[in-house]
Structure formats: structure tokens, C-alpha cells
Amino acid sequence: MNYTFQFDLNAQDWAMLFNGALRTMLYSFAGMIIGLLIGIAGATWRNSRIRLLRSIAAIYVEFVRNTPLLIQIFLIFFGLPSIGIRLSADQAAVIALTFNFGAYATEIVRAGIEAVPRSQIEAGQSLGLTWFENFYHVVLFPALERVYPALVSQFTLLMLGSSIVSAIGANELTSAANSVQSRNFRSFEVYAIATLMYLCLTLGFRSLFWGAAQFLFPNRRAVGVAATGAR
Amino acid sequence: MRDFSFIDFNLLLFAARWTILLSLIAFFGGGLVGALVATLRVSRSPVLRRIAQIYILVLQGTPLLMQIFLAYFGLALLGVDLPAAVSATIALTTYASAFFAEIWRGTIEAIPRPQWEGSSSLGLTRTEQLRYVIVPQAMRIALAPTVGFAVQIVKNTSLTAIIGFTELARASQLINNATFQPFLVFGCAAAIYFAMCFPLSVLSRKLERRLHVGRAGLARQ
Amino acid sequence: MSVVQVSHVNKSFGHVPVLKDVSFTVERGNVVVLIGRSGSGKSTMLRCLNGLETIQAGEIKVADFVVSAPDVDLRNLRQEVGIVFQHYNLFPHLTVEKNVTLALTVVKKMKQPEARAIAEKVLNQVGLLEKINDYPEQLSGGQQQRVAIARSLAVSPKVMLFDEVTSALDPELKEEVLRVIESLAEDGMTMILVTHEMNFARHVADRVIFMHGGRVHEEGAPKDLFENPATPELRQFITSTRD
């Protein structure tokens, strides 16, 4: 092999890559937070007594889970303008990522809600709480705590999947790498560096979410095990 | 500019054949390599375990798209001149192998300790334990998530569109450029993907349910 | 004036009848104990009183609410009827204080300081004031059950229902809970208990109702029922529960 690896990027290139990484984080967090809210709503719709809500949620979830993210991005970025909604690539990217994460979050949160013991719900009902009050105070936080690992793992998939939005020209790490390597022709090195940056993001997020769990759920063994004699 | 017609739909179907081919290669190729990596992952040697761990970490902790780019440009540097499709297939296969390895490791570790103790008390070596006692049980548990991941493989073939391979996603892009009817074109592409993925999803869920009913039945004894 | 009036109640789960023509009343300040084998319908009857179960025929009136009516105001009913469950059902993600004040702040719309004052009062009543900031998992079974009692007491109900509240406890932990129930009875709380603790029933109850096969089989003062059971079913039940 007559190739010498040259990892010398200039400052401008590095700046571009770091800026891209920042945007990746931004899109991912936006997708996660809004997607989680969609997921909580979707999970309640999924088990609703109203048939229409159940159907809408089911169709939403099955559509997203059985079609590629790339096609969903195309539909949003290319399709919406045809009915009058003009979006920038970045806007379409965030919408697509949110739309995608929301469906997975729906299924994950649903599993969490279904795992809350019936007896807990009855205890809340017996105190006179309405459905909404019962859901918010008794069901939601234990459910989220139980599925926290699944949510974190799905978030990692979201963050890594965000690289796909480069296909429509949105600005994040992958498109930054595309841009840098197109100028210095060091394709392998640039992509290797970008890959390493993604790996750092993955590891960094894992620690971040582990730390957040310590903070959000201080009595972490409380859910599902203690305080009720039965499950 | 022309209108989307049945001809275009057939073009999409034709391109979908590549999607299916890619998926099959990645599934079985990834399955083979994944089984090997899974064995390393549960090996008694800490070195082998560590190697497998890093392999899985890197492939699961980085975007598949990056892996495809690296495969494409990396292989070119080594002087291997392969069409984009082939390097993409290789990347997809290694990606799948990492996920399979992790899924199967999980199922092996889910087999209760007494199974290991019982079989070792009969004098079986570790390899024999895995082969005759642990893996057969693990396979039953592994069926549902393995089929579930097959769905991910099919969807991930769409990434090869980004490096120019004309499978279903890229074909839909090209047709959209010609017809400018995005909802129709991409809608049809989505429908074809759905037709491929949904049955697998349903199968995976059915397997999962049957597994839990079976295990609950055992527990009741 | 009866606080609880049950008239000709029939209930089935699907095709299986569990309550057959059950009638009884409970006066203010009285303690009524329901006894019977598992499956005799006593827990189900209790759960009908606060609307957790619905009935197919008959009428249930509790504290001016017609519980059996389809449009009954459950939210307000449940502030008059407290229930304590066999498995305590404390909320594991909330502290003891929050468990007790939840209904006060959310349903009665009380402000936090006012709710906390009430929490302190009822926790003191059950002897657990010092645990007010702990989480349920840090407490023993008996302590958790007492917190559950405090939680129901906090809203000042007119009637308290106890569904086999000591059945899930180790023997040495039952005593503390029974003592709390006894002190509530002395304070004049109207109570309906489902329990297997025969000695306790004999001691605390004003009236005992023996249920069998979904019906009220025998009813009367504890002394009469336990010492002179009229029917063979009750006789058999008493001997089988005697340790």
C-alpha cells in the first residue's frame, strides 16, 4: 500500500467538524425531548378506549417502524413543499428525527405504563384522583423510570441515525465531514476522525444519561419492587 | 418532466430486488460472523472477550453511514477496487454481525445459572455445554429479536442510496427528480418497504408472545 | 342514620356470581367485620363500597352518596370513604409525606404547608411522624401499612374500609397495625374490616357478618357468633381458623 495517512487538518476544518458535532447534538436533543412528549401522548392513545385514537397511534407507530428513516426524510423534505410548506434542510431534518423518535418512544413508554401494577392505579383512584391526575402523579414517573434504559438506547440510535440527514444537505457532523474531505481529498482520514467523534458522542451521552439517572431517580430501586407487597 | 405511472412503480419494484438481495446477504453473512463474535464475547479468555467487546462497541457506537463511507474509501486505499454496492454490503454485514452478537450474547446470559451448573456437573466441557445445553435454549429466546433485527437490516439497506447504489431508496429519488411528485413516489417506496418489513415485524411479535406464554406455562408447573 | 346501606346487592364477574342478595347496614361509629372463606365475596363487597367494583343489581348508599348509581360522583365519594389495601399500595417514587399529601394537594387543592400540617397530624396518629421524609422502601411492612392508613385518614373520611390489611405482614408486624386500627375505633371512626384475625374481630367489632358463597350467612354480635354459631358452615369456619 503506497498510501501515507495524513491526519493534518487545518483549524478551519476542525472548526467545521466541531460545529457539525454540536449541531448533531442539538438535533438529537430536540428530537428526543419533543419526541418523548409525542411518545407519552402516543402511549396513552395506544391504550385509549377511543378507537380513533388507538388507530391513529397504531398507524403512526407501524409506519415509522417499518419504513426507513431516509424515506421519511424524503417525504418530509420533498413532499411538504408540494402542499405549500417550505422547509429548510435543517428544519426538515429536525422534524423527521422527531417524527421518527416519537414512534419508538410511543412503544417504549407504552411498555412502561403497562408495567405499572394495577394496584397502584387503584390506590390512586381510591384517593379520588381523576384519570389525568392519576396518570401524572402515579403512573408516569415510575413508568419512565422503568423504561429509562430503553429510552437511552433508542436515543443513541437517534443520534447515530442523524447522520442520514446529510443526504438532504442538513448541516451536522456527517455533512461537515463530507465538506471537509471534498476539499482536502483525505476522505478516509476525515471520515475516520468523524467516526471517532461520533464514538465519543456515544460514550459521552452514555455517561451523561447515567448521571442524569442518579439525579432524576434518587431512590432508584423504589420502582416496582418496594412499597407494594405484591407486584 | 413526466407523470408517475405504472412503469415507474415497476422500476421501484425492480430496484427493490436489490434491497432484498442486500438484506439477505447482510442477514446471513452478519449472522455467521455474529455467531463467531458472540462466542468470543462469552469466551473464558478475557483477551478474546475484550476484542469482541471493542468490535461490538465500535460498530454499535458509530453511524452505519460512516461505516459505509469508511469501507468504501478504506478499501479503495488498500488498492481493492470494488463497486460501491460491494463495499456497502460488507459494511452492512459487519454492522449486522455486531448487533447479532450482542443480541445472542444477551440470550446466552439469560439462561439461568443452574443450567450451567447442571451440565458441568455431568462433566461437559465449556464448548459442549454451549453446544448441547445452552445454545439450543438460547436459540429459542433469540428467535424473536433476531427476526426483529432483520427489519432493521432491510431499512438500513436504504443507506446505500447515499453512495449511489440504485436500490429502492435511490430509485425513488431518481424517479422523483423526473416526475416531481414526491408524495406519490416516496409514498410508493414507503409502501414497498412496509410490505417487506411489516410481515417480519408481526412475525417477531408473534414469536415473542409465544415465547412468554410458553415460559409462563413452564413457571406454573 | 346509617352511614352505609347495602340493599339486595347482586354482582357477577362475567357469568360467575360473587354476591347474591347481600344486605346490611352500618351505623355511625360502628365497627363491622366481614369474615368468611376466600371466595366468599367479602373483599368484593368491600370494593363495591367505594366504587372500585360495580354491581349488577341492588343499591349501595354510603355517606349520602348513592354509590350504585351510574352517575355517582366518585371523586367526592372517595374523599368520604378511605380504603386500605392488603398490599399497602404506597407510591414508591414518593416520600411518605408526599404519599399522604397527594390527595390533599391534588384533589382538595390544598396548599403545601396546610397539607403538610395534616400529614404530620395523621402520621403522628399512626406513630410514624419521624419517617415523614423517608421513602416506602425504607420502611418495614407494618410501617408501610400504617402509612397507608395515614394516607387514607388525611382526607378525613366518614368511613374507613380495611381489606385484609394484616394478611401480607409477618406475624410480629401485625400487632402495630392492629393497634392503630383499634385506636381509630376508639376515636369513633365508622369502619368495615375484612380480616382473618378472629381474635381481633372478637375484640374490636360491634357486629360481625359471616359471608359464605356470596351471601350473608350469619350476622350478629361477635360474642354470639363466635360462641354460639348457628349454622354448620360458620362452625366449620371457626374451627378451621382456630390456631
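Here the structure is a predicted model, which is why all the values come from computation and not from measurement.

Quick notes on the overall build of chain A
Secondary structure summary: chain A contains eight helices and zero strands in total. Helices and strands appear in chain A in the N-to-C order α-α-α-α-α-α-α-α. By its C-alpha atoms, chain A is 75 × 45 × 30 Å across when sized along the principal axes. If you take every contact in chain A between residues at least 6 apart in sequence, the share linking residues at least 24 apart comes to 75%.

Looking at the pairing of strand β7 (residues 159–163) of chain C
Residue and element names in this part refer to chain C. Burial runs high along β7: five of the five residues are buried. Of the two faces of β7, the one holding Val-159, Leu-161 and Asp-163 and the one holding Met-160 and Phe-162 are both buried throughout. Across four bridges, strand β6 (residues 81–84) lies against β7 in parallel orientation. By the bridge assignment, Ile-83 is partnered in β7 with Leu-161. Sheet topology note: the β7/strand β8 (residues 190–194) ladder contains five bridges and is parallel. Residue Asp-163 lies in a different strand from β8, and its bridge partner there is Val-194. Tracing the backbone out of β7, into helix α6 (residues 171–186) and back to the parallel element β8 gives a crossover that is right-handed.

Considerations on the sheet that holds strand β10 (residues 215–220) of chain C
Residues and elements named next belong to chain C. In spatial order, the strands read β6-β7-β8-β3-β9-β10; together these six strands make up an open sheet with mixed pairing. Only two strands of the sheet have a single neighbouring strand rather than two, namely β6 and β10. Each adjacent strand pair in this sheet contributes to an overall mean axis angle of 20°, direction not counted. Running at roughly 145° to β8, helix α1 (residues 42–49) makes contact with β3 (31–35), β6, β7, β8 and β9 (207–212) of the sheet. Together, β6 and β7 form the strand contacts of helix α5 (residues 141–153), whose direction differs from that of β6 by roughly 170°.

Let's talk about the interface of chain A and chain C
Contact residues are listed per partner, giving 25 residues for chain A and 24 residues for chain C. Where the side of chain A that touches chain C is concerned, the elements lending two or more residues are α5 (118–126) and α6 (131–161) of chain A. Its residues placed into classes, the side of chain A that touches chain C shows eleven nonpolar, ten polar and four charged.

A short note on the pairing of β10 of chain C
All names here are of chain C. Note: β9 against β10, five bridges, orientation antiparallel. From the neighbouring strand, Val-208 faces β10, where its bridge partner is Gly-220. Connecting β9 to the antiparallel partner β10 that follows it, the hairpin turn spans two residues, and Gly-213 within it adopts a positive phi of roughly 60°.

A word on the nonpolar core
One finds Ile-73 of chain A together with Ile-192 of chain C to be the most contacted residues of the largest nonpolar core, which totals 201 residues. Among the elements that make up this core, the one with the highest residue count is helix α4 (residues 89–114) of chain A (14 residues). In contact with Ile-73 of chain A, not counting residues within four places along its chain, are Ala-92, Ala-96, Ile-164, Val-165, Ala-167 and Ile-168 of chain A.

Considering the interface of chain B and chain A
Taken together, the 32 residues of chain B in the interface contact 29 residues of chain A. Elements with a contribution of two residues or more to the side of chain B that touches chain A: α3 (64–77), α6 (126–156), α7 (168–179) and α8 (182–220) of chain B. If one sorts the elements of the side of chain B that touches chain A by residue count, α8 of chain B sits on top with ten residues. Taken together, the residues that form the side of chain B that touches chain A break down as 23 nonpolar, eight polar and one charged.

Here we look at helix α4 (residues 84–110) of chain B
End to end, α4 of chain B covers 39 Å across 27 residues, agreeing with the expected 39 Å (1.5 Å per residue, within 8%). With 19 of 27 residues buried, α4 of chain B is to be regarded as a mostly interior element.

Let's talk about the environment of Val-106 of chain C
Structurally, Val-106 of chain C is set in helix α3 (residues 96–106). Put simply, Val-106 of chain C and Glu-130 of chain C are 24 residues apart on the chain and 24 Å apart in space, counted from C-alpha to C-alpha. With sequence-adjacent residues up to four places away left out, Val-106 of chain C is seen in contact with Leu-129, Glu-133 and His-137 of chain A.

Quick word on the packing of α5 of chain A against α6 of chain A
Residues and elements named next belong to chain A. The geometry of α5 relative to α6 is characterised by a closest axis approach of 10 Å and an angle of 140° between their N-to-C directions. Classified by the angle between their axes, α5 and α6 sit oblique to one another. Note that α5 runs across α6; the crossing there is right-handed. Contact residues: Gln-120, Ile-121, Gly-124 and Gln-125 in α5; Asn-134, His-137, Val-138 and Val-139 in α6. Residue composition of the contact of α5 with α6, grouped by class: three nonpolar, five polar and no charged.

Parameters at a glance
Residues numbered from 1 in each chain as written. Chains lettered and ligands numbered in written order. Predicted model: local features only at pLDDT ≥ 70, side-chain atom pairs only at ≥ 80, totals over all residues. Helix = DSSP H or I, 4+ residues; strand = E, 2+ residues; numbered from the N terminus. Contact = placed C-beta atoms within 7 Å. Buried ≥ 20, exposed ≤ 12 C-beta atoms within 10 Å, placed from the backbone. Pairing = 2+ DSSP bridges. Right-handed = clockwise from strand over helix to strand, strands pointing away. Axes fitted to C-alpha atoms, helices over the stretch in contact; angles between N-to-C directions. Nonpolar A, V, L, I, M, F, W, Y, C, P; charged D, E, K, R; others polar. Core = buried A, V, L, I, M, F, W, Y, C linked by C-beta atoms within 7 Å. Expected span 1.5 Å × (residues − 1). Parallel < 35°, antiparallel > 145°, perpendicular 65-115°, else oblique. Left-handed = near helix turned anticlockwise from the far one by under 90°.

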